[in-house]
Amino acid sequence: MAAPRNRKHILVPGPPTAEEYKPHGRKIDVTKPAPPASRAKHGKALERALKAAVVESNKRRDQAGIEVHGAVPGLYVQFESQPDVPLQVSSLEDSRQGIEVVAVSHSKTEEPEPRRIERATVFVPDGKVKHFLKRFESYSKTTPKKERERRYEDMIDPVATLRLATLRGLWTDTSEAYPEQDETIWWEVWLRRQDGNELERLMEFAAAQEIEVAPRRLMFDDRLVTLVRSTPAQLAASIDVLNDLAEVRKAKETATVFVDMGPEDQGAWAKELRERVTPPSADAPAVCVLDTGVTRGHPLLEASLDAADCQSCDPGWGTHDHDGHGTEMAGLALYGDLTPVLAGTQHVALRHRLESVKILPPDGHPVNPPDLYGAVTAEAASRAEIQAPERRRTFSMSIAATDERDRGQPTSWSAAVDALAAGRSFDPSTQGLDYLDEGDDSARRLFVLCAGNINETTLSVDHLDRSDTDPIHDPGQAWNALTVGAVTEKAVINDPKWASWQPVARPGELSPWSTTGVTFADAWPIKPDVVFEGGNVVRNAKGEIDFPCPDLSLLTTYFKPADKSFVLSWATSAATAQAARLAALISAEYPTYWPETLRALVVHSAEWSAQMQTHLRGASGKRARAKLVQRYGFGVPSAERALRSANDALTLVAQSSIRPFAEGKMRELHFFDLPWPRDVLAELGATPVRLRITLSYFIEPNPGRRGWKKRHRYASHGLRFDVKGPTESLEEFRKRLNKKALDEDEAKPATGGDSSEWYLGEQAITEAPHSDILSCNAADLAERGVIAVYPVSGWWKDQPKRDRSDLGARYALVVSIETPGVETDIWTPVAEQVGVPVVVVA
């Protein structure tokens, strides 16, 4: 089990080593895992195990004493991998014979140095066991292999053993959520869709076992999901007699109960929550909501939003919320989704405040011209900063243009956001593209922007195809912003009002609302950067789409609290407010971290959901994988990972400034000899570990109107990172990266890194933030504690007279090591190296 995340991230002390730089190239190999000592013995052992599973399955079926009419007889077989060797999951199924992989899970071995085990549960119809027996027989042959003869080594080599599966083998939720044997819970039961009678068979089984089945269900192309209330013991027999099961999960809370309440009941719940809330301090960081205004008088907002912090770009507009959207965003930015907060009983200590600047006019006032939204955004930022100049803040803007301007190419609005983030100010009279001064390096700003939504009239059942062809809306393509798309885990409907409707998106999949950067040219940054919960939509039997369904939406604050306290929210707007909240929480926890660093930690904490990983695993190469990152960004962030390290999950943070160019040439690169748990990693030997690196920096945009067609003419500079190879010396690492480190007539060293060892590699490198993952053994990682940061070209280099390299280009480097499941401590040795107190934090 992973260690609790109760350690602070460690800020790397001192600057990196800088040296004069002239670039050149790099390279490394990957080895396949060794086969079993004897394939013949291994194949025979698997054959015996499968035959034993068949016998045990028949016995369990007889003991259950339940007959379900129409159930396809068969058994669930769980294949278990060799330690640290992934299964070839797709090779374990054959749809033509009804053999289907229904669930995949992971765990750790119970040994002094735990290793990763992968398990795949496969449904095998009666009579189809011979499919595997024949493969085991071919695999076990000892005669010379004939030309084109298949012996299924790739399929069977990774398999350590197999057994008859239990109900636990179909559990795909977190292991901690699995109930005790006699504990009654609501389960999400996922059935394999086959003949249309799956629910009827489940109801027959439920009647025999005296368990409750909820009236609501949802259907995907190959799955039917419903809710069942039972103990594990009651449900366990289904795996032997029902044979429609694919997976089981724990049911989730939804917003329905709160949104369906009358105004008085909602007010009572709001009052109860307010009594559990401790307001933020006066010097707490803020989320500045740029929207339609915020209703400060809402009982859940007023203690966190001072009257002086409510402003408007035009005094004639007022500061009140004329639409409701701004107050919705404020609630999500302060609390996140209110459903679990209201349903809980714990104390809520707020660590960040709110600010509001109205940037959209009320009805009856002229609409802002689209080409002036850069200026409006700049003015809004300025008003907030004049009001509270010393306050740390994250700007949250859940507003976007509706047009699809140039598919990722910069616009005046996105360029304004980039320049504001980089510390500049603009003159509104010139459409936001004329510099007023040389800028203040300390005035960097983090903007959290929505990716923009699919138009409600074009929402589609084939939502991924729709999202992949609908590009992110202006200004979401801004290079320096944290751009947020929407994901959804909401796919269970309990509300009887929606009885004839089904969710469109699978749990863990991109929300049907979310636009993407898939159609962006390779020259432009990966967008969205991350995805947060944005809700789901529903479809009926005709394929018609509707929304909002309370069970599939988020809950937030309503702008007219006298009428009601809560309202539903959804789409990339809601996702963006939650992302801004996380950035503010990081700022509250680590007050010295720069805006570049806040963005880095949000991205660094993100992981792809299991559903996203099915697409990533199926990608045909890294180029295809990179395209999927343009759909999902770097995944779903986690507050726990963003805020805390653990004994087995160390996060290092470095903040520095590099001078990229001089007189039209490359100038310097940086080397970080990081505080590193070298001895602990070396002792772990072949244990698999994971290194993740995220590099975040803000470019200065070139506002020249012809300069946006090519990346190098828009961005002032770019930065990249590289890691010392496990077998190369520091001197070899320097020489591999830097031509100036070579002696006269000396060739570049052949040792070193290779982008192929990284999960994304060079195909996913556009502009910041860069984030990538390296999986290797601990002994190798022990020797890789030196990281380089170096520049690549930009308009500062191309236009030496405008080059600001002398002032430095700031960046944040976040490095994490994870040794999941291994009971070891890599955090404490590093803390001791840098003089950080070794304490547990809440």
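Predicted, not measured: the structure shown is a model, and the values here were computed from it.

**Student:** When you look at the overall build of the protein in this model, what are you seeing that I'm missing?
**Tutor:** Looking only at helices and strands, one finds 24 helices and 34 strands in the protein. For 842 residues, the compact-globule formula gives about 28 Å, and the C-alpha radius of gyration of the protein, at 28 Å, lands near that figure. Taking the principal axes of its C-alpha atoms as reference, the protein extends roughly 80 × 80 × 50 Å. Looking at the 842 residues of the protein, the share that counts as buried comes to 59%. Taking contacts inside the protein between residues at least 6 apart in sequence as the whole, the part at least 24 apart equals 80%. Just so you have it, the protein exposes about 34100 Å², and 49% of that area is on carbon and sulfur atoms. Counting 103 positive and 121 negative side-chain charges, the protein places the averaged centre of each group 5 Å from the other.

**Student:** How do you make sense of helix α9 (residues 325-335) when you look at a structure like this?
**Tutor:** It helps to recall that an α-helix has 3.6 residues per turn; residues three or four apart then point in one direction. Where burial is concerned, most of α9 is hidden: 11 out of the 11 residues are buried. Within α9 the residues assigned to the buried category are H325, G326, T327, E328, M329, A330, G331, L332, A333, L334 and Y335. Trailing α9 by a residue or two, G336 shows a phi angle of about 80 degrees, which is positive.

**Student:** Looking at this structure, I do not really get the sheet that holds strand β5 (residues 116-125). What am I missing?
**Tutor:** The strands making up a sheet are joined through hydrogen bonds of the backbone, oriented either antiparallel or parallel. An order of β4-β5-β3-β6 is seen for the 4 strands of this open sheet, with the pairing classed as antiparallel. The open sheet has two edge strands with one neighbour each: β4 (100-108) and β6 (159-164). Between one strand axis and the next, the sheet turns through 25 degrees on average, direction left out of account. Pairing of strand β3 (residues 74-81) with β5 involves 7 bridges; the strand directions are antiparallel. Residue pairing for β5: V77 is matched across the bridge by V122. Each of β3 and β6 touches helix α1 (residues 39-64); the most contacted strand, β6, lies at about 15 degrees to it.

**Student:** I keep staring at the side chain of N6 and nothing clicks. Help me out?
**Tutor:** Secondary-structure assignment places N6 in the segment before β1 (10-11). In this view, N6 contacts R644, S645, V839, V840 and V841; residues no more than four positions away in its chain are not counted.

**Student:** Is there a simple way to think about the pattern of salt bridges in this case?
**Tutor:** Counted according to the given criterion, the structure contains 44 salt bridges. The salt bridge involving R734 is made with E19; its shortest N-O contact spans 2.8 Å. You can see R734 sitting in helix α21 (residues 730-737) and its partner E19 sitting in strand β2 (residues 17-20), a full 715 residues away along the chain. For E731, the salt bridge goes to R734, with nearest N and O atoms at 2.7 Å. Highlighted residues: E731 and R734, both in helix α21, separated by 3 residues, approximately one helical turn. Judged by relative accessible area, which is 39%, E731 ranks as partly exposed. Salt bridges here are not isolated pairs; linked through shared partners, they connect R5, E607, R641, R690 and E818.

**Student:** Where do I start with the sheet that holds strand β19 (residues 502-503) in this structure?
**Tutor:** Taken in spatial order, the 3 strands make up an open sheet running β19-β22-β23, and their pairing is antiparallel. Two strands close off the open sheet at either side, each with one partner strand: β19 and β23 (545-546). Here strand β22 (residues 538-539) pairs with β23 via 2 bridges, running antiparallel. Residue pairing for β23: V538 is matched across the bridge by D546.

**Student:** Can you help me understand the nonpolar core in this one?
**Tutor:** L290, L338, I359, F447 and I586 are the most contacted members of the largest nonpolar core, which totals 97 residues. Ranked by residues supplied to this core, first place goes to helix α14 (residues 571-589) with 10 residues. Beyond its immediate sequence surroundings of up to four residues, L338 is in contact with L273, L300, L555, T556, T557 and F566. By size, the runner-up hydrophobic cluster in this structure holds 60 residues, among which are W676, L684, L737 and A831.

**Student:** Sorry if this is basic, but what is going on with the pairing of strand β33 (residues 786-792) here?
**Tutor:** Look at any regular strand and the pattern is simple: side chains alternate between the two faces of the sheet. With respect to burial, β33 is a largely interior element, 6 of its 7 residues being buried. Pairing of strand β29 (residues 668-673) with β33 involves 4 bridges; the strand directions are antiparallel. Counted as the bridge partner of H670 is V789 from β33. The pairing of strand β31 (residues 718-723) with β33 spans 6 bridges and is antiparallel. Within the sheet, the bridge partner assigned to L719 lies in β33 and is P791.

**Student:** Help me out: how do you make sense of α14 in this one?
**Tutor:** Spanning 19 residues, α14 covers 28 Å between terminal C-alpha atoms, matching the ideal 27 Å at 1.5 Å per step. Counted residue by residue, α14 has 18 buried out of 19 residues, so it is predominantly covered.

**Student:** Help me out: how do you make sense of the side chain of D240 in this one?
**Tutor:** With respect to the helices, strands and loops of the structure, D240 is situated in helix α6 (residues 238-241). When its relative accessible area of 8% is taken as the criterion, D240 is described as buried. Side chain to side chain, D240 and R60 meet in a polar contact 2.8 Å long.

**Student:** I tried to follow the packing of aromatic side chains on my own but got confused; where do I start?
**Tutor:** The relative placement of two aromatic rings is captured by the distance of their centres and the angle of their planes. Applying the stated criterion across every chain, the model contains 19 aromatic pairs. For the pair F395 and F447, a centre-to-centre distance of 4.8 Å together with 15 degrees between the ring planes defines the contact as stacked. Highlighted residues: F395 in strand β16 (residues 393-397) and F447 in strand β17 (residues 446-450), separated in sequence by 52 residues. For the pair formed by F395 and F447, the shared burial category is buried. Ring pairing ties together the aromatic residues F79, F132 and F136, which thus form one cluster. Against the face of Y178 rests R168, its NZ or CZ located 4.2 Å from the ring centre. Cation over ring: R625 sits above Y759, and NZ or CZ is 4.1 Å from the ring centre.

**Student:** Any chance you could explain the packing of α14 against helix α15 (residues 595-604) here in plain terms?
**Tutor:** Two elements in contact, α14 and α15, have axes whose closest approach is 10 Å; the angle formed by their N-to-C orientations is 120 degrees. In this structure, α14 crosses over α15, and the sense of that crossing is right-handed. From α14, L582, A583, I586 and S587 reach across to α15, where they touch L598, L601 and V602. Classifying every residue of the contact of α14 with α15 gives 6 nonpolar, 1 polar and no charged.

**Student:** Whenever I open this one, unusual backbone geometry confuses me. Can you help?
**Tutor:** A cis amide bond, omega 10 degrees, links D474 with the succeeding residue P475. Summarising the element assignment, P475 is placed in the loop between α13 (463-469) and β18 (482-488). For the bond running from F547 to P548, omega is -5 degrees, close enough to zero to count as cis. Note that P548 resides in the loop between β23 and β24 (554-557).

**Student:** Any chance you could explain the environment of K130 here in plain terms?
**Tutor:** Inspection of the secondary structure puts K130 in helix α2 (residues 130-139). Accessibility expressed as a relative area gives 45% for K130, which makes it partly exposed. Remark: the alpha-carbon pair of K130 and K51, spanning 79 residues in sequence, is separated by 9.9 Å.

**Student:** Explain the confidence of the model for the protein here, please?
**Tutor:** Any residue range with low pLDDT should be treated as having predicted coordinates unsuitable for detailed reading. Here the protein averages 88 in pLDDT, while 90% of its residues score no lower than 70. Below a pLDDT of 50 lies the segment residues 428-437, which in the model reaches 26 contacts outside its immediate sequence neighbourhood of four places, other chains included. Throughout residues 704-712 the model reports pLDDT below 50, and contacts reaching past four residues in sequence, or to other chains, amount to 26 contacts.

**Student:** I would appreciate a short explanation of the environment of H298 in the present structure.
**Tutor:** Within the secondary structure, H298 sits in the loop between β12 (286-291) and β13 (310-312). H298 sits in the buried class, given a relative accessible area of 0%. A C-alpha to C-alpha distance of 8.7 Å links H298 and A562, two positions 264 residues apart in sequence. Apart from residues no more than four positions distant in its own chain, H298 is found in contact with T557, Y558, P561 and S565.

Definitions and limits used
- Residues numbered from 1 in each chain as written.
- Predicted model: local features only at pLDDT ≥ 70, side-chain atom pairs only at ≥ 80, totals over all residues.
- Heavy atoms only, no water.
- Helix = DSSP H or I, 4+ residues; strand = E, 2+ residues; numbered from the N terminus.
- Rg over C-alpha atoms; globule rule 2.2 N^0.38 Å.
- Buried < 20%, exposed > 50% of the residue type's maximum accessible area, 1.4 Å probe, protein only.
- Contact = heavy atoms within 4.5 Å.
- Areas by Shrake-Rupley, 256 points an atom, 1.4 Å probe, with all protein chains shown as cover.
- Lys, Arg positive; Asp, Glu negative; His and termini not counted.
- Charge placed at Lys NZ, Arg CZ, Asp CG, Glu CD.
- Pairing = 2+ DSSP bridges.
- Axes fitted to C-alpha atoms, helices over the stretch in contact; angles between N-to-C directions.
- Salt bridge = Lys/Arg side-chain N within 4 Å of Asp/Glu carboxyl O.
- Core = buried A, V, L, I, M, F, W, Y, C linked by side-chain atoms within 4.5 Å.
- Expected span 1.5 Å × (residues − 1).
- Polar contact = N/O pair within 3.5 Å; in protein donor to acceptor, adjacent residues only side chain to side chain.
- Phe/Tyr/Trp six-rings, centres within 6.5 Å; stacked < 30°, edge-to-face > 60°.
- Lys NZ or Arg CZ within 6 Å of the ring centre and 35° of its normal.
- Left-handed = near helix turned anticlockwise from the far one by under 90°.
- Nonpolar A, V, L, I, M, F, W, Y, C, P; charged D, E, K, R; others polar.
- pLDDT = per-residue confidence, 0-100.

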